[in-house]
Amino acid sequence: MQLEQSSRETTGVWSGTVPSAIDVRVLGLVVVTAALAASINVPYGGLAMAAVAFALLSGGGIALHLLGERKLRRLTDDLVERWIAAGGEIEAVTRSSAGMETAWHVHTPDGEIVIGGVALVPIARLSVEWQGISDTMAAGEAEANIDRLAESLYREIFEIGSATQQA
């Protein structure tokens, strides 16, 4: 399994890598929440205590976001690998270009599948969207049932979806 960054190329054969997708909105939420929580310390511990609290809270929040992003990236990689093994045709996997969401676009001949979710470890959620229909579940639950999830999504997207598009 390779999780390094790759180019944003959307044509050709999938290279086997899922690029990193950091969510600026989550990072902003973490920093604002850390600043508000740290500001409570100003009357009691002074600016030095508030600065330490801000550094600890924002550092911890950023680490939790990075861990959540890694978990969702690993789930995306696992899903795509299982779909390819089952016979699905994947052209490319790219991240969302805006950087404002943790999402990957899986390009197939039948359309685009968007896999993403909330990338914050304690509440990480996986979302899979195809043709305007999405399904969301806890990332831990998806990780525990990855084989069953990949199989059901494969049937829905590649077998049933291809048949309805051809009809």
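These numbers were taken from a predicted model, which means no experiment stands behind them.

A. Just the overall build of the chain, in detail. Helix and strand counts for the chain come out as 4 helices and 5 strands. Start at the N end of the chain and walk to the C end: the helices and strands fall as α-α-β-β-β-β-β-α-α. Counting only residues that meet the buried cut, the chain has 40% of its 167 residues in that class. Summarising the internal contacts of the chain: among those between residues at least 6 apart in sequence, 57% fall at separations of at least 24. Total accessible area on the chain stands at roughly 8900 Å², and carbon and sulfur atoms take up 59% of it.

B. Geometry of the pattern of salt bridges. Inspection of every chain in the model, using the stated rule, returns 6 salt bridges. Two residues, Asp147 and Arg82, come together in a salt bridge whose shortest N-O distance is 2.6 Å. Of the two residues, Asp147 is situated in helix H4 (residues 146–166) and Arg82 in helix H2 (residues 42–85); the sequence distance between them amounts to 65 residues. A salt bridge links Glu151 to Arg155; the nearest nitrogen and oxygen atoms lie 3.1 Å apart. Remark: Arg155 and Glu151 occur in helix H4; sequence separation between them is 4 residues, near one turn of the helix. The partly exposed category is assigned to Glu151, whose relative accessible area is 48%. Residue classification places Arg155 among the partly exposed positions, given a relative accessible area of 38%. Each of the salt bridges in this network shares a partner with another, and the network as a whole consists of Lys71, Arg74 and Glu143.

C. Here's a closer look at a nonpolar patch on the surface. Taken together, the side chains of Val31, Phe54, Ile62 and Leu66 define a hydrophobic patch exposed on the protein surface, amounting to about 280 Å² of accessible area. If you tally residues by element for the nonpolar patch, the top one is H2, at 3 residues. Looking at the element boundaries, Phe54 is found in helix H2. The partly exposed category is assigned to Phe54, whose relative accessible area is 30%.

D. Geometry of the pairing of strand S5 (residues 133–138). In this structure, strand S4 (residues 125–130) lies alongside S5, joined through 6 bridges in antiparallel fashion. Considered in S5, the bridge of Val128 is made with Asp135. The antiparallel hairpin formed by S4 and S5 contains 2 residues in its connecting segment, where Gln131 sits at a positive phi of about 55 degrees.

E. Structural detail: the pairing of strand S1 (residues 92–95). Alternating residues of S1 divide into Ala92 and Thr94 and Val93 and Arg95, and every residue in both groups is buried. Here 4 bridges tie S1 to strand S2 (residues 103–108), and the two strands are oriented antiparallel to one another. By the bridge assignment, Arg95 is partnered in S2 with Trp104.

F. Looking closely at the environment of Thr17. Structurally, Thr17 can be placed in the segment before helix H1 (24–39). C-alpha separation for the pair Thr17 and Ala92, spaced 75 residues apart in sequence, amounts to 9.1 Å.

About the thresholds
- Residues numbered from 1 in each chain as written.
- Predicted model: local features only at pLDDT ≥ 70, side-chain atom pairs only at ≥ 80, totals over all residues.
- Heavy atoms only, no water.
- Helix = DSSP H or I, 4+ residues; strand = E, 2+ residues; numbered from the N terminus.
- Buried < 20%, exposed > 50% of the residue type's maximum accessible area, 1.4 Å probe, protein only.
- Contact = heavy atoms within 4.5 Å.
- Areas by Shrake-Rupley, 256 points an atom, 1.4 Å probe, with all protein chains shown as cover.
- Salt bridge = Lys/Arg side-chain N within 4 Å of Asp/Glu carboxyl O.
- Patch = residues over 30% accessible without salt bridge, like charges linked within 9 Å, V, L, I, M, F, W, Y side chains within 5 Å.
- Pairing = 2+ DSSP bridges.

Just distances and angles here, no functional claims.
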